[in-house]
Amino acid sequence: ECRIDALVQAWAVLSGVAPADRAASAIDAVDKRLVDDQIGMIRLLHPPFDKMQADPGYIKGYLPGVRENGGQYTHGILWYVRAVAEMGRGTRATQLLRMLSPVSHTATAERVDRYKTEPYVGAADVYGERPHVGRGGWTWYTGSAGWMFRVALESILGLTIEEGESLKIDPRIDSNWPQYSISYKIPGSETRYEITVLNPQGKESGVTSCQLDGDSLKVADKIARIPIAEDGQTHRVEITM
């Protein structure tokens, strides 16, 4: 059986080396073969390494379905969610990120019994083979928590800083979201930006207009860019998709 790896497919998209049609095929293949919507997990690869003549090295040190060897290796899988978002599939990217949340893993008594770990911290891995499918592994893992936060803020809500000079807003959200807001304080400054993003047409991506403190700003390539003014003031930003 041909083995599929979520990270390889994600890197093909994020690096820009894959043409649009091949990038779409790569993302679709992961969604079909590695995403388990019923359990609420995304396997890193499948099938896992088990009995074989060739030794793949370190990864085979884990049992099939554990951590990198066919389980959900969370901070790696988040790169796949990032790739889905960057392709403009905001609704699916948001669904996948919600799926990875420990809150989702413990939303019902049945899920609590399956997950068997804390509902309030990120887990480095989720087991991917029977009889432990869906069981949480190494928790309190800062790599998973850090990347989950970055994917949520940068890839879904679309907020990044460009060269320390401007806030870039490039949303990739669920089309069912009517709006969302971000309160962002500039590091090392008292300057704060209160950002509201409106989505009246139910879009997944693309900005059509932007206002800063009531004045219109130019939108280029469907992306809003707000100049950073470290003046200690609170600035109001309203963006429409």
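All figures in this text were calculated on a predicted structure; none of them were measured in a lab.

Peer 1: Would you take a moment to explain the pattern of salt bridges for this structure?
Peer 2: Any two side chains of opposite charge can pair, given that their charged atoms come close. All told, the structure shown has twelve salt bridges when counted by the stated rule. For Arg-67, the salt bridge goes to Asp-125, with nearest N and O atoms at 3.6 Å. Of this pair, Arg-67 sits in the loop between strand E4 (45–46) and strand E5 (72–73) while Asp-125 sits in strand E6 (residues 125–126), and the two are 58 residues apart along the sequence. Here the two residues Arg-67 and Asp-125 agree in accessibility, since each one is buried. Between Glu-162 and Arg-225 there is a salt bridge whose closest N-O contact spans 2.8 Å. Of the two residues, Glu-162 is situated in strand E7 (residues 159–162) and Arg-225 in strand E13 (residues 224–227); the sequence distance between them amounts to 63 residues. Under the relative-accessibility criterion, Glu-162 is labelled partly exposed at 25%. When salt bridges that share partners are traced, they join Arg-82, Glu-86, Arg-150 and Glu-154 into one network.

Peer 1: Looking at this structure, I do not really get a negative patch on the surface. What am I missing?
Peer 2: Judged by side-chain charge, Asp-213, Asp-215, Glu-230 and Asp-231 come together as a negatively charged surface patch. Secondary-structure assignment places Asp-231 in the loop between E13 and strand E14 (234–240). Overall, Asp-231 belongs to the partly exposed group, its relative accessible area being 36%.

Peer 1: Would you mind going over the packing of helix H3 (residues 74–86) against helix H7 (residues 142–156) with me for this structure?
Peer 2: Packed helices, taken two at a time, are described by their axes: the angle between them and the distance between them. Between H3 and H7, whose axes approach to 9 Å, the crossing angle comes to 5°. On the basis of the axis angle, H3 is roughly parallel to H7. Contact residues: Thr-74, His-75, Leu-78, Trp-79, Val-81, Arg-82 and Ala-85 in H3; Gly-143, Ser-144, Trp-147, Met-148, Arg-150, Val-151, Glu-154, Ser-155 and Ile-156 in H7. Taken together, the residues of the contact of H3 with H7 sort by class into eight nonpolar, five polar and three charged.

Peer 1: Which parts of the structure should I look at to understand helix H4 (residues 90–100)?
Peer 2: Along an α-helix, residues three or four apart share an orientation, since each turn contains 3.6 residues. A large share of H4 lies buried, amounting to nine of its eleven residues. By the burial criterion, the buried members of H4 are Gly-90, Thr-91, Arg-92, Ala-93, Thr-94, Leu-96, Leu-97, Met-99 and Leu-100.

Peer 1: Explain H3 to me, please; I cannot follow it from the model alone.
Peer 2: An ideal rise of 1.5 Å per residue puts 18 Å on 13 residues; H3 measures up with 19 Å between its terminal C-alpha atoms. In terms of burial, H3 is largely enclosed, as eleven of its 13 residues are buried. Of the positions making up H3, those classed as buried are Thr-74, His-75, Gly-76, Ile-77, Leu-78, Tyr-80, Val-81, Arg-82, Ala-83, Val-84 and Ala-85. Trailing H3 by a residue or two, Gly-88 shows a phi angle of about 90°, which is positive.

Peer 1: Hey, could you run me through the sheet that holds E13 in this one?
Peer 2: Sheet strands associate in pairs through backbone hydrogen bonding, adopting either a parallel or an antiparallel arrangement. Spatially, the three strands line up as an open sheet ordered E7-E8-E13, and their pairing is antiparallel. Both outer strands of the open sheet, E7 and E13, are each paired with one neighbouring strand and no more. Here the strands of the sheet are splayed against their neighbours by 25° on average, with no regard to which way each runs. Bridge analysis of E7 against strand E8 (residues 166–169) gives four bridges, and the strand direction is antiparallel. Residue pairing in the sheet places Glu-162 in a bridge with Ser-166 of E8.

Peer 1: What exactly am I supposed to notice about the sheet that holds strand E12 (residues 215–217) here?
Peer 2: On the basis of which strands lie adjacent, the open sheet formed by five strands has the order E9-E10-E14-E11-E12 and mixed pairing. In this open sheet, the two edge strands, each paired with only one partner strand, are strand E9 (179–185) and E12. For this sheet, the mean angle separating the axes of adjacent strands, direction not counted, is 20°.

Peer 1: Help me understand the side chain of Thr-94, please; the structure alone is not making it clear to me.
Peer 2: With respect to the helices, strands and loops of the structure, Thr-94 is situated in helix H4. Take Thr-94: its relative accessible area is 5%, and that puts it in the buried class. Of note is the side chain of Thr-94, whose polar atom sits 3.3 Å from the backbone nitrogen of Asp-174. If near-sequence neighbours (up to four positions away) are discounted, Thr-94 is found in contact with Ile-156, Arg-172, Ile-173, Asp-174 and Trp-177.

Peer 1: Help me understand the pairing of E14, please; the structure alone is not making it clear to me.
Peer 2: Looking along a regular strand, one sees the side chains alternate between the two faces of the sheet. Strand direction decides the pairing type here: strand E10 (residues 192–198) and E14, joined by seven bridges, are parallel. Bridge pairing in E14 places Glu-194 opposite Arg-236. Summarising the sheet, strand E11 (residues 209–212) and E14 pair through four bridges and their orientation is antiparallel. Bridge pairing in E14 links Cys-210 to Ile-239.

Conventions used here
- In every chain, residue numbers begin from 1 and rise along the written sequence.
- Where totals are concerned, whole chains, interfaces and linings use all residues; where local detail is concerned, this predicted model gives features only for residues with pLDDT of at least 70, and gives and counts side-chain atom pairs only at 80 or more.
- To obtain the side-chain values, all non-hydrogen atoms of the structure were used and water was disregarded.
- By convention in these notes, a salt bridge is any Lys or Arg side-chain nitrogen within 4 Å of a carboxyl oxygen on Asp or Glu.
- Starting at the N terminus, helices and strands are each numbered in turn, a helix being any DSSP run of H or I of at least four residues and a strand any DSSP run of E of at least two.
- Think of it in three bands: residues with accessible area under 20% of the maximum for their type are buried, residues over 50% are exposed, and the middle band is partly exposed, with areas taken using a 1.4 Å probe on protein chains only.
- Patch definition: residues above 30% relative accessible area lacking any salt bridge, with like charges linked at up to 9 Å and the nonpolar side chains Val, Leu, Ile, Met, Phe, Trp and Tyr linked at up to 5 Å.
- Under the convention used here, a 1.4 Å probe and the Shrake-Rupley method define accessible areas, while residue burial counts only the protein chains that appear.
- When charges are counted, Lys and Arg contribute as positive and Asp and Glu as negative, whereas His and the chain ends are disregarded.
- Charge positions are represented by NZ for Lys, CZ for Arg, CG for Asp and CD for Glu.
- The axes used here are C-alpha line fits, helices contributing only the stretch in contact, and every angle between their N-to-C directions lies in the interval 0 to 180 degrees.
- Working definition: roughly parallel below 35 degrees, roughly antiparallel above 145 degrees, roughly perpendicular at 65 to 115 degrees, and oblique for all remaining angles.
- The contact criterion used is simple: two residues touch if any of their non-hydrogen atoms lie within 4.5 Å.
- Three classes are used, and their members are as follows: Ala, Val, Leu, Ile, Met, Phe, Trp, Tyr, Cys and Pro are nonpolar, Asp, Glu, Lys and Arg are charged, and the others, Gly among them, are polar.
- Given the number of residues in a helix, its expected span is that number minus one, multiplied by 1.5 Å.
- When DSSP locates at least two bridges between a pair of strands, those strands are taken to pair.
- The term polar contact refers here to a pair of N or O atoms within 3.5 Å; inside protein, the definition further demands a hydrogen-donor-capable atom paired with an acceptor-capable atom, and it admits residues adjacent in sequence only when both atoms are side-chain atoms.

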